[in-house]
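Each chain is listed here by its residues.
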Amino acid sequence: MRSKITILVLGFLCLHFVGNAQEKFNALEVNMGNLYRLSNAKTRSISPENPTGEPGKGGMATLEEGVHGHQARELGVGWKVNPFAWIEAGETHTLAEIEGSGAIQHIWMTPTGDWRFTILRIYYDDEKEPSVEVPVGDFFGMGWGEYAHLNSLPIQVNPGSSFNSFWVMPFRRKCKITMENMGAERMNVFYQITYTETEVPEEAAYFHAQFRRSNPTDGSLHTLVDGIKGKGHFVGTYMAWQVNNKGWWGEGEVKFYMDGDKEFPTIAGTGTEDYFLGSYNFENKKTKQYEEYSTAYAGMHQVIRPDGVYDSQQRFGMYRWHIQDPIRFEEDLKVTVQDLGWRSDHRYLPQKSDISSVVYWYQTEPHAPFPKLPSKNDLEVN
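Residues numbered from 1 in each chain as written. Predicted model: local features only at pLDDT ≥ 70, side-chain atom pairs only at ≥ 80, totals over all residues. Heavy atoms only, no water.

### Some thoughts on the pattern of salt bridges
Stated formally: Here, a salt bridge means any Lys or Arg side-chain nitrogen found within 4 Å of an Asp or Glu carboxyl oxygen. Counting from the N terminus, the helices are the DSSP runs of H or I reaching at least four residues and the strands are the DSSP runs of E reaching at least two. Any residue under 20% of the maximum accessible area for its type is buried, any over 50% is exposed, and the rest in between are partly exposed; the area is computed with a 1.4 Å probe on protein chains only.
Inspection of the entire model under this criterion finds 13 salt bridges. A salt bridge links Arg186 to Glu88; the nearest nitrogen and oxygen atoms lie 3.7 Å apart. Of this pair, Arg186 sits in the loop between strand S11 (174-181) and strand S12 (187-197) while Glu88 is found in the loop between strand S2 (85-87) and strand S3 (92-99), placing the two residues 98 residues apart along the sequence. Given the relative accessible area of 45%, Arg186 is considered partly exposed. A relative accessible area of 33% means that Glu88 is categorised as partly exposed. With a shortest N-O distance of 2.8 Å, Arg116 and Asp138 are connected by a salt bridge.

Written out as structure tokens, the structure reads:
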């Protein structure tokens, strides 16, 4: 009997290991634990020096075609002839258009111009409406148009204005990325979009990001997102918060209404700084000052302090990534934050702050239509 059991166990283990050995690694879930594994996935990268990402097609721009042709005139083709793209005022430029199945794995860019007037859009599989529609500064946690170092897992912003996204963005037939210049002057953008051509599993959802602004908040409430329909999971929040009164401003709770919730949410936090994984007013008790921090999953990476002249309001940039704790929904999702401070006699103060936000999530397609992006005047930081 023991020998028969041993044979059965060994047989099961052999089948298990053979099955695992034959399982293809599509290289979408890359980490330090599996970096050694080979894959049939193909790495491609799109930049102004190779706008199609095709093999062997990089650095081919002639001196006449390239934006830096004059600078490269003594060196010739292949020597940094076309490293960036111009985008004229009012125009939309296609950064990338990819055919087939795969996933965006990294986006690097450093756009000039007004980051609030530069709109990043991403479309999947020939959809007419974008799944990502966000001012480029806000998408990368720079909603106030000023640089601040941000060091997290999915988003990094490095000196002097290097924007990096490591969000994985799967697609099955096509991916198109555009950038619109709503500004009054021509801008340029250096960029590189690295992706993999590979099989996308059936359970892979599509990456989404949406921008909203309340200036000021209505009823001391800011809606980060509403009307998400379908199955998916919420993975992140960025907020640019301007305070229009003195004193502590972040008592408001972040609430997640999901799968039919009406008056009361399924998830209710305990305060704004708590949601961003801080505590007690983000205050360093020794210095009596707000203390910036930037970590893998959360941060208040930016504090803009009043200067007594034109920067008259205090402004904050904060992020929270739900990577280890994604918020999963089956049918629908709405997310809000209360705009609360303190007033006399230990009472809450309903505030009228200026709050802009970006939410990031994965879901099945088709997605519900996004609200119309605010007008240029309503986007402006002032």
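### Quick word on a nonpolar patch on the surface
Put simply, the rule reads: Only residues whose relative accessible area exceeds 30% and that form no salt bridge enter a patch; like-charged residues are grouped when within 9 Å of one another, and nonpolar side chains (Val, Leu, Ile, Met, Phe, Trp, Tyr) when within 5 Å. Calculation of accessible area relied on Shrake-Rupley with a 1.4 Å probe; when residues are assessed, cover is drawn exclusively from the protein chains displayed.
Taken together, the side chains of Val30, Met32 and Leu35 define a hydrophobic patch exposed on the protein surface, amounting to about 360 Å² of accessible area. Mapping Val30 onto the fold places it in the loop between helix H1 (2-22) and strand S1 (42-46).

### Brief notes about the nonpolar core
What counts here: Definition used in this section: a nonpolar core is a set of buried Ala, Val, Leu, Ile, Met, Phe, Trp, Tyr and Cys residues joined via side-chain atoms within 4.5 Å.
Ile104, Met109, Phe139, Trp167, Ile177, Phe207 and Tyr360 are the most contacted members of the largest nonpolar core, which totals 55 residues. Sorting elements by how many residues they give to this core places S12 first, with 5 residues. Within the second largest apolar cluster, 28 residues are counted, among which are Phe234, Met300, Val335 and Phe370.

### Notes on the pairing of strand S8 (residues 155-158)
Formally: Pairing between strands requires that DSSP locate at least two bridges from one strand to the other.
Side chains Ile155 and Val157 of S8 all project onto a buried face; the interleaved residues Gln156 and Asn158 project onto a face where none is buried. Of the strand pairs in this sheet, strand S7 (residues 150-151) and S8 are connected by 2 bridges, and their pairing is antiparallel. Counterpart to Asn151 in the pairing with S8 is Gln156. Between S8 and strand S9 (residues 162-165), which pair antiparallel in sequence order, lie 3 residues.

### A word on the packing of aromatic side chains
Defined as follows: In summary, the pairing rule links any two rings of Phe, Tyr or Trp, Trp by its six-membered ring, whose centres are within 6.5 Å, and it sorts them by plane angle into stacked for under 30 degrees, edge-to-face for over 60 and tilted for everything else.
Across all of its chains, the model carries 27 aromatic pairs by this definition. Ring geometry for Trp167 versus Tyr360: centroids 5.5 Å apart, planes at 20°, classification stacked. Here Trp167, found in the loop between S9 and strand S10 (169-171), pairs with Tyr360, found in strand S27 (residues 354-363); they are 193 residues apart in sequence, far enough to count as distant. With respect to class, Trp167 is no different from Tyr360; both count as buried. Taken together, a centroid distance of 6.4 Å and an interplanar angle of 45° make the contact between Phe256 and Tyr275 tilted. Separated by 19 residues along the polypeptide, Phe256 in strand S16 (residues 254-258) and Tyr275 in helix H3 (residues 272-275) bring together distant segments of the chain. Joined through ring pairs, the aromatic side chains of Trp115, Phe139, Phe140, Phe163, Trp167, Phe207, Tyr319, Trp321, Tyr360 and Tyr362 make up one cluster.

### Some remarks on the pairing of strand S24 (residues 332-338)
Of all 7 residues making up S24, 5 are buried, and the element is well covered by its neighbours. Across 6 bridges, strand S14 (residues 221-229) lies against S24 in antiparallel orientation. What sits directly across from His222, in S24, is Val337. Where S16 meets S24, 5 bridges bridge the pair, whose relative direction is antiparallel. Its bridge partner being in S24, Met258 is matched across the sheet by Leu333.

### Here's the deal with the confidence of the model for the chain
Basically, it comes down to this: pLDDT measures the predictor's confidence residue by residue and takes values from 0 up to 100. Two residues qualify as a contact provided that any one of their heavy atoms is within 4.5 Å of a heavy atom in the partner residue.
Mean pLDDT over the chain works out to 94, with 94% of the residues at or above the 70 mark. Scored below 50 in pLDDT, residues 14-19 shows 0 contacts in the model against residues more than four places distant or in partner chains.

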